2 protein chains.
Amino acid sequence: MDELKLRILTDGKNLGNGILKVDGFINHQVDSALMDACGRELARRFSRVSATKILTAEISGIAPALTTAMHLGLPVVYARKSKPITMPDQIFLTLAPSHTKGRAVELIVSPEYLGSGEKVLIIDDFLATGQTIMGLVRLAQAAGARIVGIGAVIEKTFEGGRDLLAPLGVPIEALAVIRDMSEGRILFAD
Amino acid sequence: MDELKLRILTDGKNLGNGILKVDGFINHQVDSALMDACGRELARRFSRVSATKILTAEISGIAPALTTAMHLGLPVVYARKSKPITMPDQIFLTLAPSHTKGRAVELIVSPEYLGSGEKVLIIDDFLATGQTIMGLVRLAQAAGARIVGIGAVIEKTFEGGRDLLAPLGVPIEALAVIRDMSEGRILFAD
């Protein structure tokens, strides 16, 4: 997606250690028009997987998951990292190691909103190590739901997430695929 | 907004102590079409305030703030509750007492994305005690920005938020105004 790649090159910052700062348009400040365009493109790429629900993780997954959901006409569930008082006692919970936080975070979904009949499309802002997305996969599997696709706004191929997720046998799409961030570079895969 | 009120009456749950569970369409699972309609209506109500930026708080403010931003063609900044590694050392930080969490939470915005020239429209899912929104007001004021409006999807008038915010002298709008939740009721103001 050229619009996104151009924005990453102009406003993104390579902070070293594989950390890409996109706080100015994706993660803290959100460019709403760009995020809408990302959702439209992800919806187009997954238009044939017949998803019934989109699943993401708070916090930064919410924006791309919501715009994708709007374009597919689907509800979106975001896994919580702490259990709100409105959630029932019986929940689906998994631990996902966080590369950027340096510790494991909880991912929690209420069984009220993830059922065995669902065909789940997972959307997140980043596909990096794939650990957060793998946590979402476990939650969906615990609910008896079926994963039908995985989409991300930005992928960093050198952190191996796609290899981790490949055995699931579902389509994996990313709108900007970065293959190299060494020595201050931001190099796309194509 | 009749569509929203009807949904609150059919899918919302009064859990007592003023707690309204809307996890099925706003807070955990999001009805993307309804959220888009809420954003469109908030954008319509604030079409004349000439905002340059929308400000909200993670987590549940993100969805309504993003859809409002899309309809107004504006960027949205969501205040973080913990400082990500991509944020500079110098930040705007305030503490906001959380009614539902029973403790104060930090609200953090990077000075990179909130400047003195900004005209800020604050959007959140709930206007209840007004403490979170007042925290956002303090952040914007610390940045030298001007508040031009405050919008919420749902207001609970009996928790006093509107009175707290009234001295700011800006338009305050909510799409569903609940005046009474005693004894299991959900009564709207009009």
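In the block above lies the structure referred to throughout.
The sections below set out a description of the structure shown in this document. None of these values were measured; they are calculated from a predicted model. In every chain, residue numbers begin from 1 and rise along the written sequence. To read the labels, note that chains go from A and ligands from 1, taken in the order they are written. pLDDT decides what is reported in this predicted model: residues at 70 or higher carry local features, side-chain atom pairs at 80 or more are listed and counted, and totals for whole chains, interfaces and linings draw on all residues regardless. With hydrogens and water set aside, each side-chain value is computed from the structure's full complement of heavy atoms.

Residue and element names in this part refer to chain B. Helix numbering and strand numbering both begin at the N terminus, where a helix is a DSSP run of H or I of at least 4 residues and a strand a DSSP run of E of at least 2. Mapped onto the secondary structure, H99 falls in the loop between β6 (92–98) and β7 (103–109). Considered as a pair, H99 and A65 are 34 residues apart in the sequence and their alpha carbons are 21 Å apart. Filtering out sequence-adjacent residues up to four positions away, H99 remains in contact with T129 and E159. In what follows, a contact means two residues having at least one pair of non-hydrogen atoms within 4.5 Å.

Here we take up the interface of chain A and chain B. Opposite the 40 residues of chain A that make contact, chain B presents 42 residues. One speaks of a salt bridge when a side-chain nitrogen belonging to Lys or Arg is within 4 Å of a carboxyl oxygen belonging to Asp or Glu. Our enumeration of links across chain A and chain B arrives at two salt bridges. Between E112 of chain B and K21 of chain A there is a salt bridge, with the nearest N and O atoms lying 2.8 Å from each other. Polar contacts, as used here, are pairs of N or O atoms within 3.5 Å; protein pairs need one atom able to donate a hydrogen and one able to accept it. Residues neighboring in sequence count only if both atoms are side-chain atoms. For the pair chain A and chain B, the interface holds 24 residue pairs in polar contact (both at pLDDT 80 or more). Of all the secondary structure elements, the ones that give two or more residues to the side of chain A that touches chain B are β2 (20–21), α2 (23–27), β3 (29–30), α3 (32–45), α4 (62–72), β5 (76–79) and β7 (103–109) of chain A. Counting residues per element, the side of chain A that touches chain B draws most heavily on α4 of chain A, at six residues. Here the residues of the side of chain A that touches chain B sort into 23 nonpolar, ten polar and seven charged. Strand direction decides the pairing type here: β3 of chain A and strand β5 (residues 76–79) of chain B, joined by two bridges, are antiparallel. For V30 of chain A, the partnering residue across the bridge sits in β5 of chain B and is V76 of chain B. When residues are sorted by character, Ala, Val, Leu, Ile, Met, Phe, Trp, Tyr, Cys and Pro go into the nonpolar class, Asp, Glu, Lys and Arg into the charged class, and all the rest, Gly among them, into the polar class. Pairing between two strands requires that DSSP report at least two bridges joining them.

Residue and element names in this part refer to chain B. For D124, the location among the structural elements is in strand β8 (residues 119–127). Here D124 sits buried without a salt bridge, and the closest side chain of opposite charge, K81, lies 7.5 Å off (N-O distance). The contacts of D124, once residues within four sequence positions are left out, are T56, A57, G61, P64, T132, I133, G151, A152 and V153. A simple rule labels every residue: compare its accessible area, found with a 1.4 Å probe on the protein chains alone, to the largest value its type can have, and call it buried under 20%, exposed over 50%, or partly exposed in between. His residues and chain termini do not enter the charge count, which takes Lys and Arg as positive and Asp and Glu as negative.

Our next topic: the layout of surface pockets. Cavities and pockets are found on a 1 Å grid laid over the protein atoms alone: a cavity is a set of points where a 1.4 Å probe fits but cannot escape, a pocket is an open set with protein on both sides within 12 Å along at least five of seven lines, and a lining residue has an atom within 4 Å of such a point. Grid points are joined across faces, edges and corners, and a volume is the space filled by probe spheres set on the points. Here the largest pocket is characterised by a volume of approximately 1200 Å³. Lining the largest pocket are 48 residues, with R80 of chain A together with K81, S98, T100 and K101 of chain B sitting closest to its centre. When contributions to the lining of the largest pocket are tallied by element, the ones reaching two or more residues are β7 of chain A together with α2 (23–27), β6, β7, β8 and α5 (131–142) of chain B. Looking at side-chain class alone, the lining of the largest pocket contains 16 nonpolar, 14 polar and 18 charged residues. Of the pockets and cavities examined, the second largest pocket occupies roughly 810 Å³. Taken together, 35 residues line the second largest pocket, and the ones lying closest to its centre are S60, S98, T100, K101 and D125 of chain A. Contributing elements (two or more residues each) for the lining of the second largest pocket: α2, β6 (92–98), β8 (119–127) and α5 (131–142) of chain A. In terms of residues, the lining of the second largest pocket owes the most to one element, β8 of chain A, which gives four residues. Of the residues assigned to the lining of the second largest pocket, the class counts are twelve nonpolar, 13 polar and ten charged.

This part takes up α5 of chain B. One less than the number of residues in a helix, times 1.5 Å, gives the span that helix is expected to have. The first and last C-alpha atoms of α5 of chain B sit 16 Å apart over twelve residues, in line with the 16 Å expected at 1.5 Å per residue. Where α5 of chain B terminates, the next one or two residues include G144 of chain B, which has phi positive at roughly 80°.

Bringing the sheet that holds strand β4 (residues 53–57) of chain B into the picture now. Taken in spatial order, the seven strands line up as β3(A)-β5(B)-β4(B)-β8(B)-β9(B)-β10(B)-β11(B) in an open sheet, and their pairing is mixed. The sheet is open, and its two borders are formed by β3 of chain A together with β11 (187–188) of chain B, each paired with just one other strand. Here β8 of chain B pairs with strand β9 (residues 146–156) of chain B via eight bridges, running parallel. Across the sheet, K119 of chain B pairs through a bridge with R146 of chain B, a residue of β9 of chain B. Only the stretch in contact is used when a helix axis is fitted, and all axes are lines through C-alpha atoms; the angle between N-to-C directions ranges over 0 to 180 degrees. The sheet strands contacting helix α1 (residues 2–11) of chain B are β9, β10 (172–180) and β11 of chain B, and the helix crosses β10 of chain B at an angle near 35°.

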